[in-house]
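What follows is the residue order along each chain.
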Amino acid sequence: MSFDFPSFSTDRLTLRVPQAQDLAPWTAFFMSERSQYIRETEPTEALAWRAFAHAAGMWMLRGYGSFVITHKDVPDTALGMVGPWFPVGWPEPELGWTIWNTSIEGTGIAFEAVQAARRYAYDVLAWDQPVSYIARDNTRSIKLAERLGATLDPSAQHPFAHKDILVYRHPKVLP
Amino acid sequence: MKPWLVPSNGIPADVTAKLHAQLPQLETARLLVRPARLVDYPVWDEIMKGPNGVFLGGPWDDRGAYLDFAQCVGSWFLRGFGLWAIENQQSSKVLGFVAHGHEYGCLEAELGFLLIETAQGRGIATEAARAVRDYAFNVLKQPSLVLYFDPRNGASRAVALKLGATQDLAAETQAKGAAIYRLVPSDGGMEAYT
């Protein structure tokens, strides 16, 4: 079954909906130390599966969700995930991202992907100044948020009772 | 209503509608069995937090129940089959769900059924699960379906038997604590196992 669903391209990337083949690279990321900032317990493959199925389910339930990031000319190889999503218990919608593949570090690809997904959230979903939740120790994501023009919002609520989370808020008008 | 339960409007609502238009619907004598949507969530929540919740991996809190729902729905995306809602054709009321999925660690596709209390005892689960079973075998050509349930759940066992499932004692010994029944397509076509 193939679905007619939003996907779009930037200069270098295609952003598309999650597919079953993305489970393997997602699971490799989830089981590695790189996922320490986005989970609250020790990783297991079963948890990875459930988290990914949940992200896919959001597309069905809400008509939007996280996009898988791929190189434009290699659409089968998932590099990470970025997008507007609104999971249970979040006080407001979030623009979140995870970078699975270390090979794209330092290439500006994460910036290009998040910028595009944010543009989608503003233009298509009519979102107004969404947040991004980032662990205080996650320096790479903090740098990315700041490069995107997001600023700390110390008064915003977040859903993580047991984690040291910073709330970044995206600008009213996109640069 | 909690914000994450409010259906989208505008373009994302169109995306959802377009997606559902591409998915199958099954009609039986009394029921419409169709892919679950966000608006069905309160029924799921009621069942998972009701007296049968303990049979379904519970007790469930808000977050756990919702995540489980979203994961079951996500199977439509990842697998091409997933969580079905059971709708009364006449009233359009959602009476429960047939969970058709293939979860992590499971060797084959699984069929499960869950109903609100007032819909129990009327053959609803059997009627809906039979339609999904036939869809799985005749359209998807799945080679088998496994049914897992709590052995204390006599209603589920009765449905399993009415569907023509047979108990897999060897697997039960390994699984420690779950009743495991298996369905396979019959050479005689649909009627042979109704």
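> I keep staring at helix 2 (residues 45–62) of chain A and nothing clicks. Help me out?
Three- or four-residue spacings in an α-helix give side chains the same orientation, since the helix completes a turn every 3.6 residues. Here helix 2 of chain A contains 18 residues, and its C-alpha end-to-end distance of 26 Å stays within 8% of the 26 Å for a straight helix at 1.5 Å per residue. All of the buried residues along helix 2 of chain A are Ala48, Phe52, Ala53, His54, Ala55, Ala56, Gly57, Met58, Trp59, Met60, Leu61 and Arg62 of chain A. Along its buried surface, helix 2 of chain A packs onto helix 1 (23–31) and strand 4 (74–85) of chain A together with helix 1 (11–21) and helix 3 (62–79) of chain B. Within two residues after helix 2 of chain A, Gly63 of chain A carries a phi angle of roughly 80°, on the positive side.

> Just checking my understanding: could you explain the interface of chain B and chain A for this structure?
Accessible area lost during the coming together of the parts is what is often quoted as the interface size. Each partner contributes to the interface: chain B provides 28 residues, whereas chain A provides 30 residues. Secondary-structure elements contributing two or more residues to the side of chain B that touches chain A are helix 1 and helix 3 of chain B. Top element by residues in the side of chain B that touches chain A is helix 3 of chain B. It accounts for 13 residues. Along the lines of polarity and charge, the residues of the side of chain B that touches chain A split into 15 nonpolar, nine polar and four charged.

> I tried to follow the environment of Pro159 of chain A on my own but got confused; where do I start?
Assignment of secondary structure puts Pro159 of chain A in the loop between strand 7 (151–152) and strand 8 (165–169). The sequence separation of Pro159 of chain A and Pro91 of chain A amounts to 68 residues, and the corresponding C-alpha distance is 6.9 Å.

> Which parts of the structure should I look at to understand helix 2 (residues 41–49) of chain B?
Within helix 2 of chain B the residues assigned to the buried category are Tyr41, Val43, Trp44, Ile47 and Met48 of chain B. End-on view of helix 2 of chain B: buried residues confined to an arc of 155°, all on one side of the axis.

> Teacher, can you tell me more about the pairing of strand 4 of chain A here?
Side-chain positions along a regular strand alternate between the two faces of the sheet. Residues and elements named next belong to chain A. The pairing of strand 3 (residues 67–71) with strand 4 spans five bridges and is classified as antiparallel. Looking across to strand 4, one finds that Phe67 is bridged to Val82. The turn linking strand 3 back onto strand 4 is made up of two residues. As defined by bridge partners, strand 4 adjoins strand 5 (residues 94–99) across six bridges and the pair is classed as antiparallel.

> Hey, could you run me through unusual backbone geometry in this one?
If a residue is not glycine, its phi is most likely negative; likewise, a peptide bond is most likely trans. The residue after Gly58 of chain B, namely Pro59 of chain B, is reached through a cis peptide bond having omega 5°. Mapped onto the elements, Pro59 of chain B comes out in the loop between helix 2 and helix 3. Backbone geometry places Ala126 of chain A, a non-glycine residue, at a positive phi of 60°. Of note, Ala126 of chain A is situated in the loop between helix 3 (109–123) and strand 6 (131–135). Owing to 11 C-beta atoms within 10 Å, Ala126 of chain A belongs among the exposed residues under this scheme. One non-glycine residue, Gln129 of chain A, lies in the positive phi region at around 50°. Looking at where Gln129 of chain A falls in the secondary structure, it is placed in the loop between helix 3 and strand 6.

What counts, and at which threshold
Numbering of residues starts from 1 in each chain and follows the order in which that chain's sequence is written. Each chain takes a letter, starting from A, and each ligand takes a number, starting from 1, following the order in which they are written. Note on the predicted model: pLDDT of at least 70 is required for a residue's local features to be given, and 80 or more for side-chain atom pairs to be given and counted; whole-chain, interface and lining totals, by contrast, use all residues. Counting from the N terminus, the helices are the DSSP runs of H or I reaching at least four residues and the strands are the DSSP runs of E reaching at least two. Helix span is expected to be 1.5 Å times the residue number reduced by one. Exposure in this text rests on C-beta crowding, where 20 or more other C-beta atoms within 10 Å of a residue's own make it buried, 12 or fewer make it exposed, and counts in between make it partly exposed. The C-beta atoms are placed from the backbone. Two residues qualify as a contact pair if the distance between their C-beta atoms, derived from the backbone, is within 7 Å. Residues are grouped as follows: nonpolar covers Ala, Val, Leu, Ile, Met, Phe, Trp, Tyr, Cys and Pro; charged covers Asp, Glu, Lys and Arg; every other residue, Gly included, is treated as polar. The directions considered for the arc run from the helix axis to the C-beta atoms. Two strands are counted as paired when DSSP detects at least two bridges linking them.

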